[in-house]
Amino acid sequence: MREKKINQLSCDLHRRGSAKVGRHHPKLLSIGVMSSIITVAPVLAQSPGTDSEVDILEEVIVTGHRASMQSAQDFKRDAEQIVDSIKADDIGNLPDRSVAEALQRVPGVTIDRFISVDDPEHVGGEGGGVAVRGLTQVRSEINGRDGFTANGGRSLSFEDVPPELLSAVDVYKNPSADMIEGGLGGTVDLRTRMPFDSESQLATGTLVYSHNNLIEENSPEASFLFSDRWQTGFGEIGFLVDIAYSESKGRVDTIFTRPYFPYDRDGDGVDESFVPRGADWRTVRTDRAREGAYLAFQWRPSGNMEYYATVFRSEYDYNWDEDAFFVQNDPTNLVASDDSVFDSNGTFVRGTLTDPTEGGIPMGSTIRFSERNSKTTDFAIGFNAAFADNWSINADLQYVEATTVGLDSTVATGVLSPFSTIDLSGSGPVEVITDTDYLADLNNYHFAFTMDHQDDNEADQLALRVDVEYTFDDSVLKTFEFGLRHSERDSIVIDTGFNWKPVIQPWMRGWALDGAAPLPTLADFGLQDQVRVNRFSNFYRGDIPVPGAIVAPTRALAEGYPQSYVSLHQAATPFYLCCFSDGSTTFFSPTLVEPSHRNVQDETVESLYFLARFGWDEIGLGGNIGVRFVHTKNIASGFIQYTAPVDAPPSIQEIIGSEDDAIGVKNNYRNTLPSLNLRWEIREGLIGRFAYAKAMRRPDFSTMQSYLNLSASLNAGAPEGSLDINDYSGTAEGGNPNLRPLEAEQFDLSLEYYYSDIGSVWLNFFQKDIDGFIRNEVMIETYNNFDYAVTRPTNQDEAKIDGWEAGWKHFFDFGIGIEASYTRIDSETQSSGVNIPVDTDGTAFDPNGLPYEGLSEASYSTVFIYENQRLSTRLAYTWRDEFLLSVGPNSFNDNTDGIAWQLPVFQEAYGQWDGSIVYKFSENFSVGLQANNLTNEEIVIEGRQINPGRNAKSYSVQDTRYALTLRGTF
């Protein structure tokens, strides 16, 4: 019995991620505790009757789509929780470039395609952010243990992980008490292979050569896995090594129509019309390198004892650069030509825009360079054992180390474009005509600005987890399990923010620059060798007009930060009258890391759970019920900085100004998380499920920064040098180390029918009531007896999510298979405070009229398969409805003509076809061709407005990718 149990333990350990881990303080004590358990466990396990050989589990060899579909179906049917899975060949053979893109095939899972979701101006090509049932608060695991990226968040960036290292990806949608807390939307567990997964020696390798057709670049990929197991005099041992490397180069072309602003068309002093601020062109080139390595060791000294150790490492280098020609004008200065056409709502449709105030429309031409290197390394050791007939124990010690280092650098030239002729009468991207001869002339340009952003993050965690289970004989109560976990995570995030510095700007004339002289040109700077001509070659595959030849800075200027910035600002000093230099030396200096840039967090989590599994075999009803108790303690270290007006009298300086205060804010909270999972096999193949759980999600570290910069300014109309403190107003922005976790009560009800080995249909209803969404709020806080209006994140909003998922999976005897799923979600949210969208004319949006961010009302995925002994083909289509990206992201917020506006930004519905074909020459070799984005789909982003209509849009196209694959297995 115990031999059977240890095999089941080993299977469970790597099937449902129950490699259970934790951590104790101090760290050395955790190692000592783990060592003691490992030392004592063999003694507990050596009970009479444990000498028989291990019953080797029958190996399921996953070959081809058909076998992987069957394996995934078996996993879903047999699971206690509501879960969907992608099996090994799915990840290896799907036409997908990353774990994130593979996950979009899972019912209820959607992805986005942005470099950063809070920056909708930059589409990234490859899939990125993952949402489960519309929620981005997804817990990520590697073999059931914490996995994270050092980016100020809680989860792993799935694009960082080489998919070649994985055997399966499991998506749990409702937890049980033994699962680690943290997944509000769900938990994504990345599972790797273990040596004992194969009965004998296994070696496999893959070579890939890919081509992206917009950037016209080729990239290599390679992976290799070796695994073996041996019987020895001291038991059975196994070893596995898996390495992977891939590169990918891509390109995205985007054209924007900027938001519309009120416009007085007939000169009567009433703004009865709307005109767009202008149009932009952008080309982003990406260069990604991803490498990974995985080592695993297993030792089974007897039939009831197993030890294991794993090392998982991923490294992700992501570089991108951008050529952009964009508006940087004041929209209230625009004038529409007399022949311009407006619709019945007064919205500009086509015509010519000019800016008489500035003598041309201020435009910018940039080179932007961004690089990021992220590393995550996961070490784990553990064991599982069965002893005393009915008892089992497994324990796991894990250490994770993660780092992220990045630089983002932008240098821009500026030009006063004589006009822009804009045509928005079509259904697609805007068409714009400019004065191409004028824009091609180097002498019409000036150096405009520089902007840098740096981050340097590190995080580590040590975790210890111990689980004990007792199995009952011939009882309704099948097992009783309890366990504890202790973890400590240290996080240091250094983020300088974006530091924009002007070089030459039209608004400097008359004070910092000579108002009677033209703007200093590139030739005046003597830096003609630091610019280049950008012709936007093959922009949008030649389907739309481009502004012609644009003069832009060289990439070396952006990459050369900080010295290139210093040289550029120094070259501008002869032209300044004041404020930016002393006449001979620039006041510019590179960004230095200051207290305001540091976010230091030290978090300890202790958890204890109890779980009972039960079942009435005669009626097919069973499940589990449990509760998890969690205690979170966090210390956020930082500073309060005081900034008084420099010209304020000493008495005011004394009240407002002060030495910086170092602060350490302690925050602790307890959560009780009950759960119930019922599974009823009504008749053979027909399964009903009901699940209830309370879930939590801790706030991201980036929102918990313990830092405030308190500044005061003289009120408008107050006398200069006033001695009355009431004539001053205080403001501040900062993080909130006292944030509480988001909490959800969630229900699932499902009916599944399994009618063949690869044939099932199912329907699942779910509901989540979520409390504590984090939004910015303005609060009055008092420091040194002076009141400040402080903007900081707080727990304030609620949401309710209701939905259903339906799916069908079938493989016909003649070799055709189909997988199809559809998800429908409705949401209700309550927005408040500074998060309410406001249009450019000051009209406020309905605060309760927007969906929750990242949630599509509908999504579906369909996969068509044909397979025989030699040939395997797959054609996949994935679609998601429109969804709200965010409110007021970059370029969709400002203060114009006294109106502080911020627009809700949506991505419109998007679907994509991918395909693959694989031919198997023999049992050992196959060749394949994969393709992504077969139909060259457009990604459309809209800054939604009320009165001007839905016209502020961007359109993006990206590569179609083709990949030739050669696989060998021995």
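Residues numbered from 1 in each chain as written. Predicted model: local features only at pLDDT ≥ 70, side-chain atom pairs only at ≥ 80, totals over all residues. Heavy atoms only, no water.

### Some thoughts on the overall build of the protein chain
When you go through the protein chain residue by residue, the secondary structure sums to 10 helices and 47 strands. Against the globule reference of 30 Å for 970 residues, the protein chain gives a C-alpha radius of gyration of 30 Å, in line with a compact fold. Dimensions of the protein chain, computed from C-alpha atoms along their principal axes, come out at roughly 100 × 70 × 50 Å. Buried residues in the protein chain amount to 58% of all 970 residues. Intrachain contacts of the protein chain at a sequence separation of at least 6 include 74% that bridge at least 24 residues. Total accessible area computed for the protein chain in this model is approximately 37400 Å², and 54% of it derives from carbon and sulfur atoms. Measuring between centres, the 76 positive side-chain charges of the protein chain sit 8 Å from its 142 negative side-chain charges. (Helix = DSSP H or I, 4+ residues; strand = E, 2+ residues; numbered from the N terminus. Rg over C-alpha atoms; globule rule 2.2 N^0.38 Å. Buried < 20%, exposed > 50% of the residue type's maximum accessible area, 1.4 Å probe, protein only. Contact = heavy atoms within 4.5 Å. Areas by Shrake-Rupley, 256 points an atom, 1.4 Å probe, with all protein chains shown as cover. Lys, Arg positive; Asp, Glu negative; His and termini not counted. Charge placed at Lys NZ, Arg CZ, Asp CG, Glu CD.)

### As for the pattern of salt bridges
With the rule as written, the count across this model stands at 58 salt bridges. Ionic pairing is found between Lys 249 and Glu 247, a salt bridge with its closest N-O pair at 3.8 Å. The shortest N-O distance in the salt bridge between Arg 613 and Glu 469 comes to 3.1 Å. Of this pair, Arg 613 sits in strand 27 (residues 598-616) while Glu 469 sits in strand 22 (residues 445-471), and the two are 144 residues apart along the sequence. Judged by relative accessible area, Arg 613 falls into the buried class, the value being 10%. With relative accessibility at 13%, the residue Glu 469 sits in the buried group. Through salt bridges with shared partners, one network takes in Lys 76, Asp 84, Arg 133, Lys 173, Asp 748 and Glu 805. (Salt bridge = Lys/Arg side-chain N within 4 Å of Asp/Glu carboxyl O.)

### Regarding the state of the cysteines
Under the definition given, this model contains 1 disulfide. Here Cys 578 connects covalently by a disulfide to Cys 579, the sulfurs 2.4 Å from one another. Across the disulfide from Cys 578 to Cys 579, rotation about the S-S bond amounts to roughly -65°, and the bridge is consequently left-handed. Cys 578 sits in the partly exposed class, given a relative accessible area of 25%. Owing to a relative accessible area of 46%, Cys 579 belongs among the partly exposed residues under this scheme. (Disulfide = S-S within 2.5 Å.)

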